[in-house]
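Structure at a glance
Each chain, written out:
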Amino acid sequence: MRAIWRVFGKEVRETLRDRRSLFTTLIVGPLLIPALIGTVISLAIRHSGTENTGPIMLSVAHADRAPRLLGFLRQYQVEITTVNTDRERARRLVAHAQGPLLYIPRDFGARLMAGEPAPLRLYANESNRSVQGKVARLSSLIALYSGTIARLRLVVRGLDPQLLTPIAMHLIDTSTPQSRAALTLGILSYAILFTMLMSGLYIAIDTTAGERERGTLEPLLTVPVAREQLVYGKLLAACAMMLVALVLTVTVFAITLPHVGLARLGMSANFGPAVAAGIVLGCMPLIPAGAALMILVASYTRSYREAQTYVGLVLLVPTLPLIFANILGLAPRPALMAVPSLSQHFIIMGLLRGQPLPGGEVAISVGVSLALGAVLVQLAGRLYRRERLLG
Amino acid sequence: MIEARELSKRFGALSAIDGVSLRAADGRITGLLGPNGAGKSTTLRILYTVLTPDGGEAWIDGVSVLAEPLEARRRMGVLAHGAGVYPNLTARENIEYFGALHGLERDVRRARAAELITRLEMTAFADRPAKGFSQGERVKTALARALVHQPRNVLLDEPTNGLDVMAVRTLRRLLGQLRDAGHCILFSSHVMQEVAALCDEVIIIAGGRVVAQGEPEALKARAATASLEEAFVRLIDSSDRGSAP
């Protein structure tokens, strides 16, 4: 047992001295990634705010051909600027412009009078997300105008305008402010799990590939200590780094997220110390499994560089269930809580939504993650017994 | 005392050593001499318990390296090939870490490290991180690390590789002191002059077999020549012819 602690102490000391690995472990991971995500979320919130409210800037070519339509649009906060252009130039103009352009063809008025479908052309660059929202609003406004004319035509002909509405659908949005925000915050659980795993990377690689490359592995194997204990000491050090990173990341999120405009989505009250502690406790059981997995993968590589590549790929593995969960719209249920990393994702999301998962499901997550950790730690412990390790 | 009987080891299709038996006595410096790829390192690695032999047995002070590897490791100090050290620890910390892994208490390992640092003339760089060490400084650190638990048996794999004349002299003097204190020293080398200058006993190994073992004078007499180098070449040659069909 004492040997485990001595290895642990030396690994921690060495990591603290290595500025580069310390920078990645404690700065890039826990500080930079939350800051980056905070910025992205704050942008997303501001954007989603401006899409559906506020005025729409609309350029109109040949405004004189449809004065009533434009008058109608003005009532709904559409600010119109007239431009002089033909169809070809309109297309080019819109490709780079911020807003859409409405082109009113010569026969618009005549066809409207004749009761035939009157053509309109709306040019817009929909690859710009903010334009998408504006186009949708414009389309529904014009549809509304068109519908009004249709109704009037029916009334004039002595028909009931209700004939035009065979189905009346009402959309009832059941999302709460919390759940809408949680959708935006889906990347958060990914960031937490990723930085947590990444912090164990250096020590994990160092256990096998690093020791071998520096030529310290053979001397280490000649000390009178059972070889598993050497691995356990390193594993423990990797776990400690991961725990520090986890606590740091969650703390940084808890401090910064309330300032990025989450209040508008009703989230700020939800990321307090209790939620932060819950997230840390929910993710902790995954630490031993993550550390042991990285050590195992690194042991099969021949050099430090190769180990970095493969272990880097391993860091993506826990994110796969998260992606599936998003695409398939998975909801927590006992069977899924047996999938490590996915279950941690559910625990984090549940806490952020203000709907913590039932104790039974959390217990499954904790139990399975720890069991997997125990198996992987056992396997890692056997590593130093293999001669192949010497390379 | 180090003993090996009929050690053999294969790596896949390649037979690294085949029936190596040897004996290195206390109070003597024994040199394992042979060309590159002869099986010197493999033999040493089996003795210091990093490799498991496919056949044969070995003992350190009568303790089987196969049956009781931990006990065997306690009885030997090892300078492995390349002398790697932890770059972010100072020389002193490198030495004390191994003292800790050998189960020495804090006071004891501090005192031992300090003593070895003086003895190996490492004071100038003892408290610098090992990152920027020269090969000589690294070897000294690795050697002090191997001796921190005062082992009775010392195994060194090509210890003089990359050392300058001054460092080689320090090393020779230290090995001589250890011998005079009754330690058993076994080291491998492919440098003839070194073995001639240092060894009480020479084991010549070639093609994974022991070709000859004896005192330098006896080997010269056996090969009927006045130089050890000539003896070495002739003995290896004759073994080649002997094993040819």
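Just so it is clear, the structure is predicted and the values come from calculations on it, not from any experiment. (Residues numbered from 1 in each chain as written. Chains lettered and ligands numbered in written order. Predicted model: local features only at pLDDT ≥ 70, side-chain atom pairs only at ≥ 80, totals over all residues.)

**Here we look at the domain arrangement of chain A**
To be explicit about the condition: By convention here, the domain bounds are inherited from an automatic or database domain assignment.
The domain architecture assigned to chain A consists of domain 1 (2–47 + 177–390) and domain 2 (54–164). Measuring from the centre of the C-alpha atoms in domain 1 of chain A to the corresponding centre in domain 2 of chain A gives 53 Å.

**Side note on the interface of chain A and chain B**
Just so we agree on the cut-off: This entry defines residue contacts through backbone-placed C-beta atoms, with two residues in contact when those atoms are within 7 Å. A run of H or I in DSSP becomes a helix once it reaches four residues, and a run of E becomes a strand once it reaches two; helices and strands are each numbered from the N terminus. Polar here means any residue other than Ala, Val, Leu, Ile, Met, Phe, Trp, Tyr, Cys and Pro, which are nonpolar, and Asp, Glu, Lys and Arg, which are charged; Gly is therefore polar.
Counting from both sides, the interface comprises 18 residues of chain A and, opposite them, 25 residues of chain B. For the side of chain A that touches chain B, the secondary structure elements donating two or more residues are helix 1 (2–17) and helix 10 (217–221) of chain A. It is helix 1 of chain A that contributes the most residues to the side of chain A that touches chain B, five residues altogether. Looking at the side of chain A that touches chain B residue by residue, the classes come out as seven nonpolar, three polar and eight charged.

**Description of the domain arrangement of chain B**
Residue and element names in this part refer to chain B. Segmenting chain B into domains produces domain 1 (2–75 + 153–243) and domain 2 (85–150). Averaged C-alpha coordinates put domain 1 and domain 2 at centres separated by 26 Å. Domain 1 puts eight residues into the contact, and the matching count from domain 2 is six residues. Residues of the side of domain 1 that touches domain 2, tallied by class, amount to five nonpolar, two polar and one charged.

**Digging into the sheet that holds strand 4 (residues 55–60) of chain B**
Residue and element names in this part refer to chain B. Note the cut-off: Only strands that DSSP links by at least two bridges are regarded as paired with each other. What counts as an axis is a line fitted to C-alpha atoms, over the stretch in contact for a helix, and the angles between N-to-C directions run from 0 to 180 degrees.
Pairing within the open sheet is antiparallel, and its four strands lie in the order 2-1-4-5. With one partner strand each, in any of the chains shown, strand 2 (14–24) and strand 5 (63–64) form the two edges of the open sheet. Note: strand 1 (residues 2–11) against strand 4, five bridges, orientation antiparallel. Opposite serine 8, over in strand 4, you have glycine 55 as the bridge partner. In the packing of helix 1 (residues 40–47) onto the sheet, contacts are made with strand 1, strand 2 and strand 4, and the angle to strand 1 comes to roughly 115°.

**Concerning the environment of proline 285 of chain A**
Residue and element names in this part refer to chain A. Relative to the helices and strands, proline 285 resides in the loop between helix 12 (273–283) and helix 13 (287–299). Linking proline 285 and threonine 24, residues 261 residues apart in sequence, is a C-alpha distance of 23 Å. Beyond its immediate sequence surroundings of up to four residues, proline 285 is in contact with Val366, Ser369 and Leu370.

**Some thoughts on the packing of helix 8 (residues 186–198) of chain A against helix 15 (residues 319–328) of chain A**
Residue and element names in this part refer to chain A. Short version of the rule: When describing relative orientation, an angle under 35 degrees is termed roughly parallel and one over 145 degrees roughly antiparallel, while 65 to 115 degrees is termed roughly perpendicular and anything else oblique.
Interaxial distance between helix 8 and helix 15 falls to 10 Å at its minimum, and their mutual angle equals 175°. Of the possible angle classes, the one that applies to helix 8 and helix 15 is roughly antiparallel. For the pair helix 8 and helix 15, the contacting residues are Gly186, Ser189, Tyr190 and Phe194 in the first and Thr319, Leu322 and Asn326 in the second. Grouping the constituent residues of the contact of helix 8 with helix 15 by class yields three nonpolar, four polar and no charged.

**Some details on the sheet that holds strand 1 (residues 56–61) of chain A**
Residue and element names in this part refer to chain A. In space, the four strands of this open sheet follow the order 2-1-3-4, with mixed pairing throughout. A strand with exactly one partner marks an edge of an open sheet, and here the two such strands are strand 2 (78–83) and strand 4 (121–123). The average angle at which neighbouring strand axes cross in this sheet is 30°, direction not considered. Of the strand pairs in this sheet, strand 1 and strand 3 (residues 101–103) are connected by three bridges, and their pairing is parallel. Each bridged residue has a counterpart across the sheet, and for valine 60 the counterpart in strand 3 is leucine 102. Its contacts with the sheet place helix 3 (residues 67–75) against strand 1 and strand 2, and it is angled at close to 140° to strand 2. Sheet contacts for helix 4 (residues 87–96): strand 1, strand 3 and strand 4; angle to strand 3, the most-contacted strand, approximately 170°.

**Observations regarding the packing of helix 1 of chain A against helix 11 (residues 227–256) of chain A**
All names here are of chain A. Short version of the rule: Two helices cross in a left-handed way if the nearer one is turned anticlockwise from the farther one by less than a right angle. They cross in a right-handed way if the turn is clockwise.
Between helix 1 and helix 11, whose axes approach to 8 Å, the crossing angle comes to 45°. Between helix 1 and helix 11, the interaxial angle falls into the category oblique. When you trace helix 1 past helix 11, the crossing you get is right-handed. Note on element contacts: helix 11 touches helix 1 through Gln229, Leu230, Tyr232, Gly233, Lys234, Leu236, Ala237, Ala240 and Met241, opposite Ala3, Ile4, Arg6, Val7, Phe8, Glu11, Val12 and Thr15. Tallied by class, the residues present in the contact of helix 1 with helix 11 amount to eleven nonpolar, three polar and three charged.

**Some words on the pairing of strand 3 (residues 28–33) of chain B**
All names here are of chain B. To be explicit about the condition: Our exposure labels follow a C-beta count within 10 Å of each residue's own C-beta, placed from the backbone: buried means 20 or more other C-beta atoms, exposed means 12 or fewer, and partly exposed covers the counts in between.
Most of strand 3 is tucked away, with five of its six residues classed as buried. Bridging between strand 3 and strand 8 (residues 184–189) involves six bridges; their strand directions are parallel. The residue of strand 8 that forms the bridge with leucine 33 is serine 189. Bridge count between strand 3 and strand 9 (residues 201–206): four bridges; the pairing is parallel.

**Considerations on the nonpolar core**
The condition is simple: Any nonpolar core is a set of buried residues, restricted to Ala, Val, Leu, Ile, Met, Phe, Trp, Tyr and Cys, that join up through C-beta atoms within 7 Å.
In this structure, Ala204, Leu235, Met242, Ala291 and Ala292 of chain A together with Ile204 of chain B are the most contacted members of the largest nonpolar core, which totals 154 residues. Counting residues per element, this core draws most heavily on helix 11 of chain A, at 16 residues. Excluding anything up to four places from it in sequence, methionine 242 of chain A contacts Met196, Leu197, Ser199, Gly200, Ile287, Gly290 and Ala291 of chain A. Grouped together as the second largest cluster of nonpolar side chains are 14 residues, Val94, Leu101, Leu102 and Tyr123 of chain A included.

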